[in-house]
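Architecture at a glance
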2 protein chains.
Amino acid sequence: MKTRSFASVCCLLLFGQLCFAQQGDPAGSFKPASTNQPGKLFPQVDATGRVRASLNAPQAQKVQLDIGGKKYDMTKDEKGVWTGESLPQDEGFHYYQLNVDGVSIPDPGSRYVYGAGRWGSGIEIPAADQDFYALKDVPHGLISEQLYFSKLTNAWRRCFVYTPAEYTSNPTKRYPVLYLQHGSFEDETGWAVQGRANLILDNLIAEGKAVPMIIVMDNGYANSPKANGAAGSKAQPVSVFEEVITGEVIPMIDATFRTKTSRLDRAIAGLSMGANQTMRIILNRQDKFSYIGAFSGTPNYPSSDALDPAVFLEGKFRDGGAINKSFKLIWLGLGTKEPDPFPGSIGAFRTMLDKQGIRYTWYESKGTAHEWLTWRRSLREYASLLFK
Amino acid sequence: MKTRSFASVCCLLLFGQLCFAQQGDPAGSFKPASTNQPGKLFPQVDATGRVRASLNAPQAQKVQLDIGGKKYDMTKDEKGVWTGESLPQDEGFHYYQLNVDGVSIPDPGSRYVYGAGRWGSGIEIPAADQDFYALKDVPHGLISEQLYFSKLTNAWRRCFVYTPAEYTSNPTKRYPVLYLQHGSFEDETGWAVQGRANLILDNLIAEGKAVPMIIVMDNGYANSPKANGAAGSKAQPVSVFEEVITGEVIPMIDATFRTKTSRLDRAIAGLSMGANQTMRIILNRQDKFSYIGAFSGTPNYPSSDALDPAVFLEGKFRDGGAINKSFKLIWLGLGTKEPDPFPGSIGAFRTMLDKQGIRYTWYESKGTAHEWLTWRRSLREYASLLFK
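What counts, and where the lines are drawn
- Residues numbered from 1 in each chain as written.
- Chains lettered and ligands numbered in written order.
- Predicted model: local features only at pLDDT ≥ 70, side-chain atom pairs only at ≥ 80, totals over all residues.
- Heavy atoms only, no water.
- Helix = DSSP H or I, 4+ residues; strand = E, 2+ residues; numbered from the N terminus.
- Rg over C-alpha atoms; globule rule 2.2 N^0.38 Å.
- Buried < 20%, exposed > 50% of the residue type's maximum accessible area, 1.4 Å probe, protein only.
- Contact = heavy atoms within 4.5 Å.
- Lys, Arg positive; Asp, Glu negative; His and termini not counted.
- Charge placed at Lys NZ, Arg CZ, Asp CG, Glu CD.
- Expected span 1.5 Å × (residues − 1).
- Axes fitted to C-alpha atoms, helices over the stretch in contact; angles between N-to-C directions.
- Parallel < 35°, antiparallel > 145°, perpendicular 65-115°, else oblique.
- Left-handed = near helix turned anticlockwise from the far one by under 90°.
- Nonpolar A, V, L, I, M, F, W, Y, C, P; charged D, E, K, R; others polar.
- Pairing = 2+ DSSP bridges.

Summing up its helical and strand segments, chain A has seven helices and 21 strands in all. In summary, chain A has a C-alpha radius of gyration of 22 Å against a globular reference of 21 Å for 388 residues, a match within 12%. A total of 388 residues make up chain A; the buried ones form 60% of that total. Taking as baseline every contact in chain A between residues at least 6 positions apart, the subset at least 24 positions apart corresponds to 69%. In chain A, 43 positive and 39 negative side-chain charges are present, and the distance between their average locations comes to 5 Å.

Moving on, we come to helix H4 (residues 273-284) of chain B. All names here are of chain B. Compared with the 16 Å implied by 1.5 Å per residue over 12 residues, the 17 Å span of H4 between its first and last C-alpha is a close match. Burial analysis of H4 places nine of its 12 residues in the buried class, which makes it a mostly covered element. Where H4 is concerned, the buried positions are Gly274, Ala275, Asn276, Gln277, Thr278, Met279, Ile281, Ile282 and Leu283.

Attention now goes to the environment of B:Gln130. Mapped onto the elements of the fold, B:Gln130 is located in the loop between strand S13 (118-125) and strand S14 (142-150). Separated by 243 residues in sequence, B:Gln130 and B:Leu373 place their C-alpha atoms 9.2 Å apart.

So, on to the packing of helix H3 (residues 241-256) of chain A against helix H4 (residues 273-284) of chain A. Residue and element names in this part refer to chain A. Viewed as axis vectors pointing N to C, H3 and H4 meet at an angle of 55 degrees, and their least axial separation amounts to 10 Å. It follows that H3 is oblique to H4 by the angle criterion. Relative to H4, H3 is oriented so that their crossing is right-handed. In this structure, H3 contributes Phe241, Glu242 and Thr246 to the contact, and H4 contributes Gln277, Arg280, Ile281 and Asn284. Each residue belonging to the contact of H3 with H4 can be placed in one class, and the counts come to two nonpolar, three polar and two charged.

So, on to the pairing of strand S15 (residues 155-163) of chain A. Residue and element names in this part refer to chain A. Counting buried residues in S15 gives nine out of nine residues, a clear majority hidden from the surface. On S15, burial covers both faces: Ala155, Arg157, Cys159, Val161 and Thr163 on one face and Trp156, Arg158, Phe160 and Tyr162 on the other are all buried. Pairing analysis gives nine bridges linking strand S14 (residues 142-150) to S15, with the strands arranged antiparallel. Along S15, the bridge assignment pairs Glu145 with Phe160. Remark: four residues form the turn of the hairpin made by S14 and S15, two consecutive strands paired antiparallel; Asn154 in that turn has positive phi of roughly 55 degrees. Across three bridges, the pairing between S15 and strand S17 (residues 214-217) is antiparallel. Residue pairing for S17: Phe160 is matched across the bridge by Met217.

Now for the side chain of B:Ser150. Residues and elements named next belong to chain B. Mapped onto the secondary structure, Ser150 falls in strand S14. The buried category is assigned to Ser150, whose relative accessible area is 0%. Residue contacts for Ser150: discarding those within four places in its chain leaves Ala155, Arg157, Val244 and Glu248.

Now for the packing of helix H2 (residues 197-206) of chain B against helix H7 (residues 372-383) of chain B. Residue and element names in this part refer to chain B. Two numbers describe how H2 lies on H7: the axes approach to 10 Å, and their chain directions differ by 40 degrees. The way H2 lies across H7 gives a crossing that is right-handed. Together, Ala197, Ile200, Leu201 and Leu204 of H2 and Arg376, Leu379, Arg380 and Ala383 of H7 make up the contact between the two elements. The residue makeup of the contact of H2 with H7, split by class, is six nonpolar, no polar and two charged.

Let's shift gears to the sheet that holds strand S9 (residues 81-85) of chain A. Here we have five strands laid out as an open sheet, ordered S3-S4-S5-S9-S8 (chain A), and antiparallel in their pairing. Either end of the sheet is taken by a strand with one partner, and the two such strands are strand S3 (31-32) and strand S8 (75-76) of chain A.

Once that is clear, we can look at the sheet that holds strand S4 (residues 44-45) of chain B. Residues and elements named next belong to chain B. Read across the sheet, five strands follow the order S3-S4-S5-S9-S8 without closing on themselves; strand pairing throughout is antiparallel. Edge positions in the sheet fall to strand S3 (31-32) and strand S8 (75-76), since each has one partner strand and no second. Of the pairings in the sheet, the one linking strand S5 (residues 51-56) to strand S9 (residues 81-85) comprises five bridges and is antiparallel in character. Residue pairing across strands places Ser54 opposite Thr83, the latter belonging to S9.

Structure follows, in structure tokens:
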């Protein structure tokens, strides 16, 4: 533990507002986004998925709405209020920002999330299938913040733990555990906030489609205090995430929560960078997990080259029969609108699995890109297959 | 429950970074604030409590740092980076913002909290006594997010629940409960984030200074769907907070967590608006609570007029002997730098208590205003007296 330092921690939790459904609205009718701050009228979303932003900035020279990889000029009215609209956005959750005289800023109307490497604005575009992640009148589990000191990183870390609604009323029952990881430039808040993992599981469990389970969401960035690097060159951080999860987090969770501790009762999954990480973990730690989900990512990322199972990941996929025997489920998913290099990279990985005769479940999220609706759907599909 | 609507909820949790203590720094040496976003070098704080902000905004005409009720002009360097410093700020946590060409924006360098009626920037000025709310190597409790549907407000609501570290390892033990409320323009996240209630209790419990207890932090804004108002006049919202806490939240908490349910094992406290609310609740519901804490607020706010116990709050304080008998503790606190009307208003209330011979504990937080360090200290003092 660091000496001569003090650790300051705070936890903060956000809450969505109720909002009226947009189904049935005539095209062009803008309504405040469900992800707005309390009482804020902007940003708004219309039935076609367009986003309308507004900012009171009489002295600004130029204001833009920056969403979906495109900046839209906003226009100023006689009172100094700037307003602008985007083209229709994909269904689901998107990071975005405003730009005032060249400065990217969070939209003061939106709630803030951690993604794209910053706390900033996010907006929800209602999806046709939004019911599966909606807050409904079903029993709700708890999301708990767990602080822990990691000797491997020599730092305080945090994970969030979902316990199903029935957990508190069954004081002796033990539960299987899913370890669920975020993507790059995100953190341990991603799955609970943007991912709505708790609501997805609450709904699945209430419908009898998923086994009640605990979900642990940790931070995928975990570096050793010792950096790598030849003398004179810039030190490179060394990730110890695999060791943190298997050597520190799992024992802590098993000691704190009423878990089932057999590998048959432990699953892991991640999105993008998290998919890459968790697949590497599970291949090295087959004694720990028997289910793996890789959402929009595989360990050959970003290459689309054909994989040679004799050498890829030190030959871990060489013996397809052994892999099939070891894992109860290998699950891969991808959005149909995901950009390069994801389709090619995951395609090359699938080709290798097929060649080795390795069984896996394949899922395509229709009309979504490398974004959270793809991963919410992936979690729904994957979680419904676990521990059965 | 609303029909033709869907509820969208998300929860989000923040985490402070480790930071090096500022004790021993020479005056004038600025260091990144502990409340910064990961990896962000600004804002910074020096040993005298000055805040230095920075913003890359080459095209902006004017940029200001807005903190402590004062706007400080920032100056632009040849690269277009604006930098500016405040005068020394009080120890503790402050809301603040930047201003770009007349627009108030969250500082892209800080983490965001809900206070002052918006999600926006907050900054921690290290306090001489910061150790009591620091993240230390002691057993840590959990903070859990509890969603619930309130029939009284016809809306989904949320509270946070702190369970002490030993809660998970004593599966049959039951715990007393403190209901703890935020102030105006804040919400149920305030005590867990700005207040650091979990760390304060973790530390107190580890030192044997407080009894292990559960803390429930709800949202003090709870309006009936039916508004009040004469025909033709603007409808006024009707708060049902008292009914929500006593009729909905307490039964839910007692059903979900291992609580002790006697009034002798139940305390309530609040800050500012929350102090006003909780004192009114406890006077009406003496069957529910036996401890009350009022941090920087009393139910005669904002008046400083002398109180007539025969009529004030319908005579609830008329019988001082009965009040003394009913409550195990009445606790009042105030910061020595609090502005009008707090000292006068709370002074008038104390005069009335003295006149009625009502016993109470009085605490002054040295050098702090109507801000979170006053309330962190108040919680430390109050919690250490509960359930003993």
